[in-house]
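The chain contents come next:
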Amino acid sequence: MRILLVEDDPDLSRQLKAALADAGYAVDHAADGEEAQFLGETEPYDAVILDLGLPKVDGVSVLERWRRESVATPVLILTARGAWSEKVAGFDAGADDYLTKPFHTEELLARLRALLRRSAGHAAPNLSLGGLRLDPRAARASVNGEPLRLTSLEYRLLHYLMMHQGRVISRTELVEHLYDQDFDRDSNTIEVFIGRLRKKIGADRIETVRGLGYRLTAPAEEMGGEAQGS
């Protein structure tokens, strides 16, 4: 899952980027409202963490512009303690959730997981498909109860496929959501990671739809189970 972090405080930005990366997210960073506005309109993010007190263009104006331009990406706003009017302005501009500074990083990660879950139509905190299970909080996955040993990119790939299970996802979409802006992107590497993931979770769980992309499905013998669960 790819996140845009918009925060002008260098120390907080470094802390949050590290925490988000450790949690399995690809992260782009913008230090002012002008850059944030551009990135939000031109890059396909799964969610945005948006500070409201930004240089050049304030966060509320950035958010209002995104919504006018039909950018529907879920947005979690960061506001100063006690600034209730900022919270109201943020929600009226199109925010989906807010967090008051100072905050615990774990709460931000929890709110982000909930935001991503709701936007993808999942109610339960954990994702499952047949015998395949993924716990976003712990960044762990298993098959039929056996823990999977995944690299960070393999985990990101599995997480994205499970968030959009049953839907055909193109290589281009996977590249756009698995890598941050600075990564040397190559859609051919997706085939390599798909191959590695198939070896670990079972080849029949990732279907190749010729000319279109990939679809995560449950093997026939597991089709009687829940498509998603706890």
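What comes next concerns the included structure. Position numbers for residues start from 1 in each chain and track the written sequence from start to end. Per-residue local features are limited, in this predicted model, to residues with pLDDT of at least 70; the limit for side-chain atom pairs, both in listing and counting, is 80 or more; totals at the level of whole chains, interfaces and linings are taken over all residues. The side-chain quantities take in all heavy atoms of the structure and omit both hydrogens and water.

Take the packing of aromatic side chains next. Centres within 6.5 Å make a pair out of two Phe, Tyr or Trp rings, where for Trp the six-membered ring is used; the pair is then stacked when the planes are under 30 degrees apart, edge-to-face when over 60, and tilted otherwise. All chains considered together, the criterion is met by 1 aromatic pair. On the numbers, 5.7 Å between centres and 90° between planes, the contact of Phe91 with Tyr98 is edge-to-face. Throughout, exposure labels follow a simple rule: accessible area from a 1.4 Å probe, protein chains only, divided by the maximum for the residue type, with under 20% read as buried, over 50% as exposed, and the rest as partly exposed. Here Tyr98 falls in the partly exposed class, since its relative accessible area comes to 27%.

Every helix listed is a DSSP run of H or I at least four residues long, and every strand listed is a run of E at least two residues long, numbered separately from the N terminus. Within the secondary structure, Leu63 is located in helix H3 (residues 59-68). Accessibility expressed as a relative area gives 0% for Leu63, which makes it buried. Separated by 11 residues in the primary sequence, Leu63 and Leu52 have C-alpha atoms spaced 9.2 Å apart. Excluding its chain neighbours within four sequence positions, the residues that come into contact with Leu63 are Leu50, Val75, Ile77, Gly90, Ala93, Gly94 and Ala95. Whether two residues are in contact is decided by their heavy atoms, any of which lying within 4.5 Å being enough.

Before going further, it helps to spend a moment on the sheet that holds strand S2 (residues 26-30). Paired strands, as defined in this entry, are two strands with at least two bridges between them according to DSSP. The strand order S2-S1-S3-S4-S5 describes an open sheet built from 5 strands, whose pairing is parallel. Edge positions in the sheet fall to S2 and strand S5 (97-101), since each has one partner strand and no second. Neighbour-to-neighbour, the strand axes of the sheet open up by a mean angle of 20°, direction not taken into account. Pairing between strand S4 (residues 75-80) and S5: 5 bridges, direction parallel. Among the inter-strand pairings, Leu76 is bridged to a residue of S5, identified as Asp97. Where helix H1 (residues 10-22) meets the sheet, its contacts fall on strand S1 (2-6), S2, strand S3 (47-51) and S5, and the angle it forms with S2 comes to roughly 165°. In this description, a line fitted to the C-alpha atoms serves as the axis of each element, helices being fitted only across the stretch in contact, and the angle between N-to-C directions of two axes falls anywhere from 0 to 180 degrees. Contacts between H3 and the sheet are confined to S1, S3 and S4, with S3 contributing the most and set at about 150° to the helix.

For soluble globular proteins, nonpolar side chains are generally found buried alongside one another. Counting residues in each nonpolar core, the largest one holds 49 residues, and the members touching the most others are Tyr25, Ile49, Leu108, Leu158, Leu161, Leu174 and Ile201. Non-local contacts of Ile201, meaning those with residues more than four positions away in its chain, are made with Leu132, Val143, Leu148, Leu158, Ile206 and Leu216. Ranked by size, the runner-up nonpolar core spans 19 residues in total, among them Val62, Val71, Val75 and Ala93. What we call a nonpolar core is a set of buried Ala, Val, Leu, Ile, Met, Phe, Trp, Tyr and Cys residues that are connected through their side-chain atoms within 4.5 Å.

With antiparallel pairing, 4 strands are arranged side by side in an open sheet as S6-S7-S8-S9. The outermost strands of the open sheet, each flanked by one partner alone, are strand S6 (127-129) and strand S9 (146-147). With 4 bridges connecting them, strand S7 (residues 132-135) and strand S8 (residues 140-143) associate as antiparallel partners. What sits directly across from Arg133, in S8, is Ser142. Contacts from helix H6 (residues 152-163) reach S6, S7 and S8, with the element oriented near 110° to S7.

Mapping Thr73 onto the fold places it in the loop between H3 and S4. Residues contacting Thr73, with those up to four places away along its chain left out, are Tyr45, Asp46, Ala47, Val48, Arg67 and Asp96.

A few words on the pattern of salt bridges. When a carboxyl oxygen of Asp or Glu lies within 4 Å of a side-chain nitrogen of Lys or Arg, that pair is called a salt bridge. All told, the structure shown has 15 salt bridges when counted by the stated rule. Across the pair Lys101 and Glu7 runs a salt bridge, and its minimum N-O distance is 2.9 Å. In this pair, Lys101 is assigned in strand S5 and Glu7 in the loop between S1 and H1, connecting sequence segments 94 residues apart. On the basis of relative accessible area, Glu7 is assigned to the buried category, the value being 1%. Close ionic contact of Asp32 with Lys56 constitutes a salt bridge, the shortest N to O distance being 3.9 Å. Of this pair, Asp32 sits in the loop between S2 and helix H2 (33-42) while Lys56 sits in the loop between S3 and H3, placing them 24 residues apart in sequence. Look at the salt bridges and you will find they share partners, linking Arg2, Asp28 and Glu43 into a network.

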